[in-house]
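Breakdown of the fold
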Amino acid sequence: MIAKLFAAALLVLPAAAGYALWTGSWQLPDRWNPWAPLRIEEEPHWLTRHKLGRLGREPALCLQVLGTAQMRWAPVPDRVTGERCGLANAVRIERTQMHVGPAFVLSCPAAVSLALWERHVLQPAAALLPARVVRLEHFGSYACRNVNHATAGRRSQHATADALDVAGFVLADGRRISVLRDWSAEGAEAAFLREAHAGACRFFDAVLGPDYNAAHRDHLHLDRGPWRACR
Ligand SMILES: [Zn+2]
């Protein structure tokens with residue numbers, strides 16, 4: 001009897017919820033609505049990656065979401081810069097939540113991932129130090145080249161400004177944290193870097209650090225692209 005009631009409820013409840021949604025008498029909160037735009041400030045959850053993926057297919061929506069980020073940026077015109085190289089829906093970033101030194105060009109979806117990473121990974125992880133991160137040190141983003149600077153092979157995500165190489169951080173108290181020096185060290189700085197690396201995998205597609213290979217001993221490579229890796 002109870003099993004039958006339970007089975008009936010399983011059928012009726014989703015139907016009732018669907019009907020209420022369809023008639024508009026019940027509205028799904030934006031947070032749980034797969035069609036509502038991503039909100040950078042909102043605590044990420046299982047729909048976040050779905051919403052992030054959508055930004056690659058909808059350029060105008062991506063810029064709208066990026067407009068809500070704590071970031072100073074300007075759009076860059078689309079252009080082809082070389083064989084399998086170019087910019088599409090890219091922005092020039094002058095500052096994020098942090099100082100970034102030289103401005104860099106990044107595709108809009110990668111810029112949104114960066115904003116999520118700073119907001120939901122870097123600043124919380126900085127509690128380990130404890131301090132605030134005030135500067136992001138980078139080796140640049142866009143470069144028309146192949147993976148690992150090889151003369152042949154597939155293009156790097158850098159070739160379309162979908163990747164950023166992060167070399168380290170400066171804290172509010174003046175301390176510097178460097179991937180090259182601190183990754184393999186002991187203590188809070190290393191713990192912070194490991195959190196930064198692991199947390200980046202939540203918002204980027206490929207995240208490569210010093211444990212991946214020697215070419216990445218001094219930076220974290222963060223990209224949005226077709227390949228998923230967290231190494
Ligand atoms: Zn890289």
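If you look the protein up in an unreviewed UniProt entry, it shows as Extensin-like C-terminal domain-containing protein from Ramlibacter tataouinensis.

Coordination of the zinc ion by the protein involves His 158 (NE2), Asp 165 (OD) and His 221 (ND1), with metal-donor separations of 2.0 Å. Taken in chain order, the donor set of the zinc ion reads H-x6-D-x55-H. Taken as a pair, Asp 165 in strand β7 (residues 163-171) and His 221 in strand β10 (residues 220-223) lie far apart in primary sequence, 56 residues in all.

Here we take up the pattern of salt bridges. This structure, assessed with the given rule, holds 12 salt bridges. Between Arg 176 and Glu 137 there is a salt bridge, and its shortest N-O distance comes to 2.9 Å. Highlighted residues: Arg 176 in strand β8 (residues 176-178) and Glu 137 in strand β6 (residues 133-140), separated in sequence by 39 residues. A relative accessible area of 42% places Arg 176 in the partly exposed class. Among the charged side chains, a network of salt bridges with common partners joins Arg 49, Asp 205 and Arg 224.

The rules we used
Residues numbered from 1 in each chain as written. Predicted model: local features only at pLDDT ≥ 70, side-chain atom pairs only at ≥ 80, totals over all residues. Heavy atoms only, no water. Donors = N, O, S within 2.8 Å, 3.2 Å for Na, K, Ca; no water. Helix = DSSP H or I, 4+ residues; strand = E, 2+ residues; numbered from the N terminus. Salt bridge = Lys/Arg side-chain N within 4 Å of Asp/Glu carboxyl O. Buried < 20%, exposed > 50% of the residue type's maximum accessible area, 1.4 Å probe, protein only.

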